Amino acid sequence: MTRQIVYRSVFAKELRDLVNYKRSLGCKYETEEAAFYRIDQFLIAQNVDSKCLSKQTVDKWCAKRSWGKQSNCNSRISQMRIVCSYLADLGYPVYVPPKFITKHGRKYNAHIYTDDELNRFFEAVDCSMSLPDLCPYREDIMPVFFRILYTSGMRVSELRLLKIRDFDLDHGVIRLVNAKNHKERLVPVHPVLVEKCREIKAKIHVNSSDEEYFFMQFPGRAMTLQNLYSNFRRYLEKAGISHTGKGPRLHDFRHTYCVNLLRLWTAEGRDLLVWLPYMKTMLGHDTFDETAYYLKLTATMYPDIRMKLQINNPGMIEEVKSDEKEFY
């Protein structure tokens, strides 16, 4: 069991109550728990000994560090806003930082791989070679890992952290138990890839327990994001797919899967109002707004699909301006 963080500032009890409250709602709240510890330490360092927070103290926490990125600053502001909003609702005199002080750069546009790019990428992946000291299983694992990543729409860490017990190879499904949004779901795997998974299990998991990572880097160690990203960049280079410094990204395989699935359903004449709930469930989305993003992305990239949707379901792809209010 993970060791519980101990808060020690004047707001120690309130911080712990906030974490416990969020977890009672089904949230993991592990990252936030650690972030609140840093706020807790900051309050101690600032000699805050009464249950109130001035604008001066809050602004000092929210100020951008000369060595830090804007995204890190935004995260600190968001964390402090959550804490202060909670404390204000409890009746404490605290200053709540406003939303407009966060700054955001230009949003990254998802890269949707073309069929040709996918073919070239997987040709590069299939040339993977294992290195006994660094990546002893790369030749066996990488071609299967990246194909499941693309054909399932799973998140990268959902796939890399899977254990042997999560694979039901008899029924061809992956069971995600503790995924994002605290959701559990079943993800179907293509029969060809199920057979490849059986081959991996027979070759590198002869003596492994069910708790072993299926796509392990070494016994007892899952592949790291850095390891995956380094291989990913090398495959892009071999495939002749240029990298701008910001993308394509590993996560763009999920975007591409969704767009291509919606293209297929549209070509088959399926009623997307009926099928979108299936996509929401398959992707592990918490709301339909997340799934609707892919619908709009697909319609924007393919005008013929937009025309069909507007004829059959007028208003379906209109932009919805969501309320960005932060909830603690």
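Anything mentioned here points back to the structure above.
Residues numbered from 1 in each chain as written. Predicted model: local features only at pLDDT ≥ 70, side-chain atom pairs only at ≥ 80, totals over all residues. Heavy atoms only, no water.

Enquirer: Looking at this model, I keep getting lost on the overall build of the protein. Mind explaining?
Expert: Scanning the protein from terminus to terminus reveals 13 helices and five strands. Here the protein holds 328 residues, and the buried ones make up 43% of them. Here the contacts in the protein between residues at least 6 apart in sequence split such that 60% fall between residues at least 24 apart. Looking at the protein as shown, the accessible area adds up to about 18900 Å², and 53% of this sits on carbon and sulfur atoms. (Helix = DSSP H or I, 4+ residues; strand = E, 2+ residues; numbered from the N terminus. Buried < 20%, exposed > 50% of the residue type's maximum accessible area, 1.4 Å probe, protein only. Contact = heavy atoms within 4.5 Å. Areas by Shrake-Rupley, 256 points an atom, 1.4 Å probe, with all protein chains shown as cover.)

Enquirer: What is the right way to read the state of the cysteines from this model?
Expert: Put plainly, two cysteines are in a disulfide when a covalent bond ties their sulfur atoms together. Considering all chains together, one arrives at zero disulfides under this definition. For the unlinked cysteine Cys62, the closest cysteine sulfur is that of Cys73, found at 7.2 Å. Take Cys62: its relative accessible area is 7%, and that puts it in the buried class. (Disulfide = S-S within 2.5 Å.)

Enquirer: Is there a simple way to explain a nonpolar patch on the surface in this structure?
Expert: A contiguous nonpolar surface patch, about 310 Å² in accessible area, is contributed by Leu273, Val274 and Tyr278. For Leu273, the position within the fold is in helix 11 (residues 272-283). Classification of Leu273 as exposed rests on a relative accessible area of 53%. (Patch = residues over 30% accessible without salt bridge, like charges linked within 9 Å, V, L, I, M, F, W, Y side chains within 5 Å. Salt bridge = Lys/Arg side-chain N within 4 Å of Asp/Glu carboxyl O.)

Enquirer: Would you take a moment to explain the packing of helix 2 (residues 30-45) against helix 4 (residues 70-89) for this structure?
Expert: Their axes nearest at 10 Å, the elements helix 2 and helix 4 cross at an angle of 80°. Accordingly, the angle class assigned to the pair helix 2 and helix 4 is roughly perpendicular. From helix 2, Ala35, Phe36 and Ile39 reach across to helix 4, where they touch Gln79, Met80, Ile82 and Val83. The residue inventory of the contact of helix 2 with helix 4, partitioned by class, reads six nonpolar, one polar and no charged. (Axes fitted to C-alpha atoms, helices over the stretch in contact; angles between N-to-C directions. Parallel < 35°, antiparallel > 145°, perpendicular 65-115°, else oblique. Nonpolar A, V, L, I, M, F, W, Y, C, P; charged D, E, K, R; others polar.)

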